[in-house]
Amino acid sequence: MISANFAAAVDAPTRARWCRLVQERRATEQRRQAAFERMALCYPTLPCAVCGQPIGTDESNILGFNCIDIPERDFQHFADGLAHISCLSSWDRRDEFMEAWNRALGEYYAGKRLYRGAAGRVTYTDSATWVIQRSPAVQRRQAEQWAQLNAELRRRKEDLASRMQAARDKAVHLGIASEDDVDGVLHDLSAEEFRLHFGEFRVSRAFFKGAA
Ligand SMILES: [Zn+2]
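Each value, and the rule that gives it
- Residues numbered from 1 in each chain as written.
- Predicted model: local features only at pLDDT ≥ 70, side-chain atom pairs only at ≥ 80, totals over all residues.
- Helix = DSSP H or I, 4+ residues; strand = E, 2+ residues; numbered from the N terminus.
- Buried ≥ 20, exposed ≤ 12 C-beta atoms within 10 Å, placed from the backbone.
- Contact = placed C-beta atoms within 7 Å.
- Expected span 1.5 Å × (residues − 1).
- Arc of directions from axis to C-beta.
- Core = buried A, V, L, I, M, F, W, Y, C linked by C-beta atoms within 7 Å.

**Some words on the overall build of the chain**
- When its secondary structure is counted, the chain shows seven helices and six strands.
- Ordered by position in the sequence, the α and β elements of the chain form the string α-α-β-β-α-α-β-β-β-β-α-α-α.
- Split into buried and exposed, the 212 residues of the chain put 13% on the buried side.
- The contacts of the chain with a sequence gap of at least 6 include a subset with a gap of at least 24, amounting to 44%.

See below:
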């Protein structure tokens, strides 16, 4: 739309060029918008988790679901899926589903849950209140790291125990101690003597204190 003031101020060729520019810009904007919507919806042909029909392109009627573990088999296909809000809101298993889903979702998020808003429309709580809590993936990784650490610790303990035993065996073999007093004898050796005869075992004299 060209205002009367603009029409009066410029000549016809300028007006025409300006109109073309506006049209081009509008077309670019529309293409951009369309691309954005395609991106946001990804796959309009994906099935609604409730009715099984293609989810379509009406974003205001689509609810997405996190990829979470949920024990109820009937609801597992919602994970990483989509549903029509209209289908979910009028579903006869709606309340059962929402309870189960919110329980499972609580393991991942604090504050994020499904609720029934105006006119029974199912939607999520305000995203500003969502806090990622913990995820099974994170827990699994921590458990793996913990197990690795424990295995390493166990390995080192066993290694140390075997080196200490080798030092005891050598002390008994050298005849400077008996099986019964070997720990005390090793502990009481001078640093120099200990290093000379038992340095190869890479253990400290202090380890033998109270070990007997
Ligand atoms: Zn549906």
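**Some remarks on helix α4 (residues 94-105)**
- For α4, spanning 12 residues, the distance from its first C-alpha to its last is 16 Å, which sits close to the expected 16 Å at 1.5 Å a residue.
- Along α4, the residues classified as buried are Phe-97, Trp-101 and Leu-105. For α4, the angular spread of the buried residues around the axis is 55°, confining them to a single face. In α4, those exposed residues whose orientation departs by more than 90 degrees from the buried face are Asp-95 and Glu-99.

**Things to note about the environment of Ser-204**
- Inspection of the secondary structure assignment puts Ser-204 in the segment after α7 (191-198).
- We classify Ser-204 as partly exposed; it has 14 C-beta atoms within 10 Å.
- Measuring from C-alpha to C-alpha, the distance between Ser-204 and His-187 comes to 8.6 Å, with 17 residues separating the pair along the chain.

**Considering the nonpolar core**
- Cys-48, Ala-49, Leu-82 and Ala-83 are the most contacted members of the largest nonpolar core, which has 16 residues in total.
- When residues of this core are traced back to their parent elements, those giving at least two are β2 (82-84) and α4.
- Per-element accounting of this core gives the leading share, three residues, to α4.
- In this structure Leu-82 touches Leu-46, Cys-48, Ala-49, Ile-55, Ile-62, Leu-63 and Gly-64, once residues within four positions along its chain are discounted.

**So, unusual backbone geometry**
- Not every positive phi belongs to a glycine, and Asp-80 is a case in point at roughly 65°.
- Relative to the elements of secondary structure, Asp-80 occurs in the loop between β1 (62-64) and β2.
- For Arg-202, which is not a glycine, the phi torsion comes out positive at approximately 50°.
- In this fold, Arg-202 is placed in the segment after α7.

**Examining the environment of Ala-167**
- Assignment of secondary structure puts Ala-167 in helix α5 (residues 136-174).
- If we skip the residues at most four places from it in the chain, Ala-167 touches Leu-186, Phe-198, Phe-201 and Val-203.

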